[in-house]
There are 2 protein chains.
Amino acid sequence: MTHDATLPGERFKDDPEAKELEAQKVTLDSLGDWVKTHDCNSLGTGNVGARVRLMGWVDRRRDHGGLIFIDLRDREGVTQVVFDPQADETSHRRAHALRSEYVIAVEGTVRLRPEGMANPRLVTGGIEVLVHELRILNTSRTPPFPIEDDTDANESIRLRYRYLDLRRPSMMRNLKLRHQAAVLTRNYFAQRGFLEVETPILTRSTPEGARDYLVPSRVSPGNFYALPQSPQIFKQLLMVAGFERYMQLVKCFRDEDLRADRQPEFTQLDLEMSFITEEQIYELIEGWIEALFRELAGVSLETPFPRITYAEAVDRYGTDRPDIRYGLELVDVTDIARRSDVRVFQQAVERGGVVKAIRLPEGGRLSRKELDELIEYVKIFGAKGMAWIKLQPDGWQSPIAKFLGDPVREALGQRLQARQGDILFFVADQPGIVHDALGNLRVRLAQQLALMDTSVYKFTWVTQFPLLEWDADEKRFTAVHHPFTAPMEEDLDRLETQPEAVRSRAYDLVLNGTELGGGSIRIHRHDVQQRLFAALGIGAEEAEEKFGFLLEALQYGAPPHGGIAFGFDRLIMLMSGSSSIRDVIAFPKTQKATCLMSGAPSEPDINQLLELCVKIEKAGR
Amino acid sequence: MTHDATLPGERFKDDPEAKELEAQKVTLDSLGDWVKTHDCNSLGTGNVGARVRLMGWVDRRRDHGGLIFIDLRDREGVTQVVFDPQADETSHRRAHALRSEYVIAVEGTVRLRPEGMANPRLVTGGIEVLVHELRILNTSRTPPFPIEDDTDANESIRLRYRYLDLRRPSMMRNLKLRHQAAVLTRNYFAQRGFLEVETPILTRSTPEGARDYLVPSRVSPGNFYALPQSPQIFKQLLMVAGFERYMQLVKCFRDEDLRADRQPEFTQLDLEMSFITEEQIYELIEGWIEALFRELAGVSLETPFPRITYAEAVDRYGTDRPDIRYGLELVDVTDIARRSDVRVFQQAVERGGVVKAIRLPEGGRLSRKELDELIEYVKIFGAKGMAWIKLQPDGWQSPIAKFLGDPVREALGQRLQARQGDILFFVADQPGIVHDALGNLRVRLAQQLALMDTSVYKFTWVTQFPLLEWDADEKRFTAVHHPFTAPMEEDLDRLETQPEAVRSRAYDLVLNGTELGGGSIRIHRHDVQQRLFAALGIGAEEAEEKFGFLLEALQYGAPPHGGIAFGFDRLIMLMSGSSSIRDVIAFPKTQKATCLMSGAPSEPDINQLLELCVKIEKAGR
């Protein structure tokens, strides 16, 4: 259906004042004691003859053969209502005033649509409602963009008029899905003994994270609350308090330089359990995800999800967020490449590096220009170059072909299971660069050549992350996850002697190459926590200052515990097939962290700043 | 049960260092792959012979006849476990080290307690678990207060060690009730078509409310977000967006000077509906409250709840929050009193005031001293005095007796249905003072004489509040609720001519004299909203600046809508019989808005203030 050019509302599109004048001529009615008997997606041929009251928005209007047809829209769908002077002269006369997005209530009788006029695409397409009484509840100016899914309105306009944008069926569907996912999630965990406990929003700044949002205190001037980046310490304290199973769908806050798909405030499913093992957590989460996708997306998932260690993920996929919907795995060919006469291979190996390869089946079709683009692409990730070999019918075509003897060619062919028509890519460098370059190349090739099935959801657990990593700037070890993550027991002895080799009891859940959530078994022993702070170069005094109340709590009967957290916005985005988390948040902020509708943030009242003992000082910049 | 004086843990109570040394001698065990088979409140005589694994905290220890008895406590309850060298020599030996609040896991066999040793007060009182293997998971220092309901620890200590305070069974019960109430609430409304939609926490300051908490923006220096006092405007915009039924359990924030039972952040059940009438809202809420009390408090409530207009509530109870568990209603005796010779009565009437009375049945027993205290009490509320009459066997005893002739006595007696032994109280003044004084006197008498049944829950709706009230300081009308509250249609014509006489479509739900929640039908018409702003003395420019985006939204097809909000903390406090909302919040703040556990608010990092272009300036005070 398209807009009818004779629609009265359209005439005023470019003249809001004339439109308003016209609108003011409409006498508005009260709702009175009318009650909606049905929503606009529920009447069918089984209701023919029923007297009903419907309420909603004028989606479209058509005048035909002396009758006026309105597609009446509410949250649930659309029903056609008909104004016929034979049925009610007054309603028919007043219906001439109706325009798009007017709010009306009608009382009428359900009847079959005439032969050949049924619309099989609509649930209510077999019937229409013949109106006996019309109540016009409100008028509307012409919206700045049409209320339909196919909009070319830019996002700024959509966010500025968010209350209109949310009327579009796809946005309504996203937020309904979000609601349903929240209901299912809460009930799933409640049925399994989890208690939802609300943790504070006005809390204390926690070090070792992203930037906090601060809130000046009026009662103690000069002091500030921080908005929580996560309820991490509070949920651990709830375990010390004996809650055993905690969950919360909770707002978290990070004052980051906003990347494409981050929001200053976001929602997290936060979980923590006592007396728990990794396997129990995996099983619990798999059951939740399985139920979520089955009930709300009609997708059947196989459980248990595969598990892969961090070391193996990096080795085979070049990343700790492997997309396992397709192959293109990284293959280590260091031992073969060192025997070639390729200088860059030899040099890389001499410097302790590795040589890895990806085989792209039938990749021989790539043009020289495409290959050059791929080589430029891997340089973004620090690779100095990338070698390639096309397996053509007339032999190996490659800039390095002449440096590869027959034994090397045979060994490479065998290791990579290469076939005629394939292309092989090689990067030689330090392992970090090789993995980064080939891991990203792998994803790019899959996207460019559409090798991933976008209808498939492949989950995988990544386990046994390193506990610590060396920070070359700060010249000390930092925690890969956070400083409360437990080391694997078998590695505990190496905490002081070989910290970089200690694996943690952390785990991430990855969906199609995107990290959905992550967590860990935590440190519950005071002595181990102290050893970890020492390994991080945090002295006793600093630890006391920063984490004192947690350290103290660990001395009063802290049980073994662990947990996990999921980005709820991103999960709903992936489930709904949206391309941005802004499409699953009712009132999101822009990348500059502003709300285009309300104008937040805004200039404060000067008196309030005085009360807070806070002064704006832009000159300092 | 009381603490056994021979408990080893107790020996070290006053010597934490010795205690710690002792504790360090314990070798801690790993949980390994052990899984809890039962909670500590679930085993009974039906489980005798079962092999079980229990995990929890050492609640109490008793050594008797060569055996060691531990009351093992977890979130659900307590089970007695027994260490017998005959069953497992190692466990028995190591059990000597166990002290209060140590964390352990045991594997053992359920057996009947010996004849005469059953404890009928415990669910698990008929059995005990004979231990075959003990795992000591953590030690504990001696808590600063015992983990039991009867504590005389002051609240500061309890809040400082909140993770221990929360282990007390009553606190655990309160937070479980809170969780269960949230689950029931969300499901109740979800089943009725409500969508839970999350509204922003970082939002724009709204005028006309309490003081906002502010959050400086780093990206736009000099601008601030405000934390929401309620999602009022957002939920109205969701109605404009066509959501029709919205709910949210949501954190709200008010930077108020904290009274006894306020928190800087609190939780609100927030609801909004389109195409709705007051009666539908009442019915919906009554169904929710009825289910809540039936399922979670075992209390059966009669619905519908009584409704009383604001005018009648003030007339009969002197307040808009009437406690209807008892009588002592205010009776207007102005017409009779003016015929007496009591000067203060006559003067009050001449000045346009009223004379009202309360009859306290059998109140004749009150002593002169008690009467003097009551007279002092009503003076707090502005009354210049209070007259009283005791109906004694030998006649009317009263300072004003001689000014009352027989006809007046007879009329008063009849109007007040006075009987021998009663006392009558009279206040004569302007209506506001009379109602305030006698309304408060009524509550005080009921409390002092225990006239209210504390096991009874009496709900009542108060309706038809005034829309506006005169602010003598600002010399203008202000909104009694908020400026989006709809006037009653029949009073709309008086908005410009007699604003103080316009009644609103606001309603409060009152429980036993406490306001639990309130709401209103909102203004959905742009023209009416503009008229209301005008009545409030808010000019077009100011309205645009302050409420522009709402005013604009009302022009794009806003449906008739209304809603309500409930203080969730207070509701749970009343349901759990707690005396403070702090007892139903996991991590509350003190009256000075500080968290004694984490130390929030705290001094910020100077670099972060620089980034925010914010400077602390205490000198300005």
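Residues numbered from 1 in each chain as written. Chains lettered and ligands numbered in written order. Predicted model: local features only at pLDDT ≥ 70, side-chain atom pairs only at ≥ 80, totals over all residues. Heavy atoms only, no water.

Colleague: Whenever I open this one, the UniProt feature "binding site: ATP" (unreviewed entry) in chain A confuses me. Can you help?
Modeller: Residues and elements named next belong to chain A. Using the residue numbers shown here, the UniProt feature "binding site: ATP" (unreviewed entry) corresponds to Arg 254, Asp 255, Glu 256, Gln 263, Glu 515, Gly 567, Phe 568, Asp 569 and Arg 570. With respect to the helices and strands, the residue Glu 515 is situated in strand S21 (residues 514-521). Every residue in contact with Glu 515, bar those within four places of it in the chain, is listed here: Arg 321, Asp 508, Leu 509, Val 510 and Arg 570. Within the secondary structure layout, Phe 568 lies in helix H17 (residues 568-576). On the accessibility criterion, Phe 568 (1% relative accessible area) is buried. Apart from the residues within four sequence positions on either side, Phe 568 is in contact with Arg 178, Ala 181, Ala 182, Thr 185, Leu 249, Thr 267, Gln 268 and Leu 269. (UniProt positions renumbered as here; feature names shortened; annotations may be inferred. Helix = DSSP H or I, 4+ residues; strand = E, 2+ residues; numbered from the N terminus. Contact = heavy atoms within 4.5 Å. Buried < 20%, exposed > 50% of the residue type's maximum accessible area, 1.4 Å probe, protein only.)

Colleague: Would you take a moment to explain helix H12 (residues 368-379) of chain B for this structure?
Modeller: Each full turn of the α-helix corresponds to 3.6 residues, which orients residues three or four apart in the same direction. Residue and element names in this part refer to chain B. The terminal C-alpha atoms of H12 lie 17 Å apart, and with 12 residues this matches the ideal 16 Å at 1.5 Å per residue to within 8%. Of the positions making up H12, those classed as buried are Leu 371, Leu 374, Ile 375, Tyr 377 and Val 378. The arc that holds every buried residue of H12, seen down its axis, measures 155°, which confines them to one face. As for H12, its buried residues are in contact with strand S14 (387-392), strand S16 (423-429) and helix H14 (431-448). (Expected span 1.5 Å × (residues − 1). Arc of directions from axis to C-beta.)

Colleague: How should I be thinking about helix H15 (residues 526-535) of chain B in this particular structure?
Modeller: All names here are of chain B. Those residues of H15 that fall on the buried side of the exposure criterion are His 526, Val 528, Gln 529, Leu 532 and Phe 533. Buried residues along H15 cover an arc of 160° about the axis, so they all sit on one side. As for H15, its buried residues are in contact with strand S18 (468-471) and helix H16 (540-553). Count one or two residues on from H15 and you reach Gly 537, which has phi positive near 75°.

Colleague: Would you explain the UniProt feature "site: Important for tRNA non-discrimination" (unreviewed entry) in chain A in this entry?
Modeller: Residue and element names in this part refer to chain A. Under the UniProt annotation, the feature "site: Important for tRNA non-discrimination" (unreviewed entry) is placed at His 64 and Gly 116. Looking at the secondary structure, you find His 64 in strand S1 (residues 51-64). By relative accessible area, which is 56% here, His 64 ends up exposed. Note on placement: Gly 116 falls in the loop between strand S4 (103-112) and strand S5 (127-138).

Colleague: How should the interface of chain B and chain A be read in this particular structure?
Modeller: How big an interface is tends to be stated in terms of the accessible area lost upon association of its parts. With 126 residues of chain B in contact, the opposing surface of chain A contributes 126 residues. Summed over the three residues of chain B that lose the most area to chain A, namely B:Arg75, B:Phe275 and B:Tyr556, the buried surface amounts to 7% of that side. The interface formed by chain B and chain A includes 14 salt bridges. Its salt-bridge partner being B:Arg211, residue A:Glu611 comes within 3.0 Å of it at the nearest N-O pair. Here chain B is connected to chain A by 69 residue pairs in polar contact (both at pLDDT 80 or more). Among the elements that line the side of chain B that touches chain A, the one with the most residues is helix H6 (residues 169-190) of chain B, at 9 residues. Residues of the side of chain B that touches chain A, tallied by class, amount to 63 nonpolar, 27 polar and 36 charged. In the sheet, strand S23 (residues 614-616) of chain A pairs with strand S23 (residues 614-616) of chain B via 3 bridges, with the strands oriented antiparallel. Among the inter-strand pairings, A:Ile616 is bridged to a residue of S23(B), identified as B:Val614. (Buried area = accessible area lost by both parts, 1.4 Å probe. Salt bridge = Lys/Arg side-chain N within 4 Å of Asp/Glu carboxyl O. Polar contact = N/O pair within 3.5 Å; in protein donor to acceptor, adjacent residues only side chain to side chain. Nonpolar A, V, L, I, M, F, W, Y, C, P; charged D, E, K, R; others polar. Pairing = 2+ DSSP bridges.)

Colleague: I tried to follow the packing of aromatic side chains on my own but got confused; where do I start?
Modeller: Working definition: an aromatic ring pair is given by the centre-to-centre distance plus the angle between the planes. The final tally for this structure, using the stated rule, is 44 aromatic pairs over all chains. When the centroid spacing of 5.3 Å and the interplanar angle of 45° are considered together, the rings of A:Tyr310 and A:Phe465 count as tilted. You can see A:Tyr310 sitting in helix H9 (residues 310-317) and its partner A:Phe465 sitting in the loop between strand S17 (459-463) and strand S18 (468-471), a full 155 residues away along the chain. Seen in terms of ring centroids, B:Tyr188 and B:Phe189 are 5.0 Å apart; in terms of plane orientation they differ by 80°. Their pairing is edge-to-face. Taken individually, B:Tyr188 and B:Phe189 each receive the classification buried, so the pair is uniform in this respect. (Phe/Tyr/Trp six-rings, centres within 6.5 Å; stacked < 30°, edge-to-face > 60°.)

Colleague: Would you explain the packing of H15(B) against H16(B) in this entry?
Modeller: Geometrically, a packed helix pair is captured by the angle between its two axes and the distance between the axes. Residue and element names in this part refer to chain B. At a minimum axis distance of 12 Å, the contact between H15 and H16 shows a crossing angle of 160°. For the element pair H15 / H16, the angle class is roughly antiparallel. H16 is crossed by H15, and the crossing has right-handed handedness. On the side of H15, the interface is formed by His 526, Gln 529, Gln 530 and Phe 533, while H16 contributes Ala 543, Phe 547 and Leu 551. The residue inventory of the contact of H15 with H16, partitioned by class, reads 4 nonpolar, 3 polar and no charged. (Axes fitted to C-alpha atoms, helices over the stretch in contact; angles between N-to-C directions. Parallel < 35°, antiparallel > 145°, perpendicular 65-115°, else oblique. Left-handed = near helix turned anticlockwise from the far one by under 90°.)

Colleague: How do you make sense of the domain arrangement of chain A when you look at a structure like this?
Modeller: The domains assigned to chain A are domain 1 (27-138), domain 2 (158-302 + 559-612), domain 3 (326-449) and domain 4 (454-556). Placing the centre of domain 3 of chain A and that of domain 4 of chain A at their C-alpha centroids yields a distance of 35 Å. (Domains from an automatic or database assignment.)

Colleague: Any chance you could explain the sheet that holds strand S2 (residues 67-73) of chain A here in plain terms?
Modeller: Taken in spatial order, the 5 strands line up as S1-S2-S3-S5-S4 (chain A) and close into a barrel, and their pairing is mixed. Shown here is a sheet whose adjacent strand axes are inclined to one another by a mean of 55°, direction ignored.

Colleague: Explain the pairing of S17(A) here, please?
Modeller: Consecutive side chains of a regular strand alternate in pointing toward one face of the sheet and then the other. Residues and elements named next belong to chain A. In terms of burial, S17 is a largely internal element, 5 of the 5 residues being buried. Burial along S17 is two-sided: Phe 459, Trp 461 and Thr 463 facing one way and Thr 460 and Val 462 facing the other are all buried. Summarising the sheet, strand S11 (residues 307-309) and S17 pair through 3 bridges and their orientation is parallel. Residue pairing in the sheet places Ile 308 in a bridge with Val 462 of S17. Of the strand pairs in this sheet, S17 and strand S20 (residues 506-511) are connected by 5 bridges, and their pairing is antiparallel. By the bridge assignment, Thr 460 is partnered in S20 with Val 510.

Colleague: In this structure, what is going on with the pairing of strand S4 (residues 103-112) of chain B? I would like to understand it.
Modeller: Residue and element names in this part refer to chain B. Among the 10 residues in S4, 7 count as buried, and that is most of the element. When S4 meets strand S5 (residues 127-138), the two strands line up antiparallel, connected through 10 bridges. From the neighbouring strand, Thr 109 faces S5, where its bridge partner is Leu 130.

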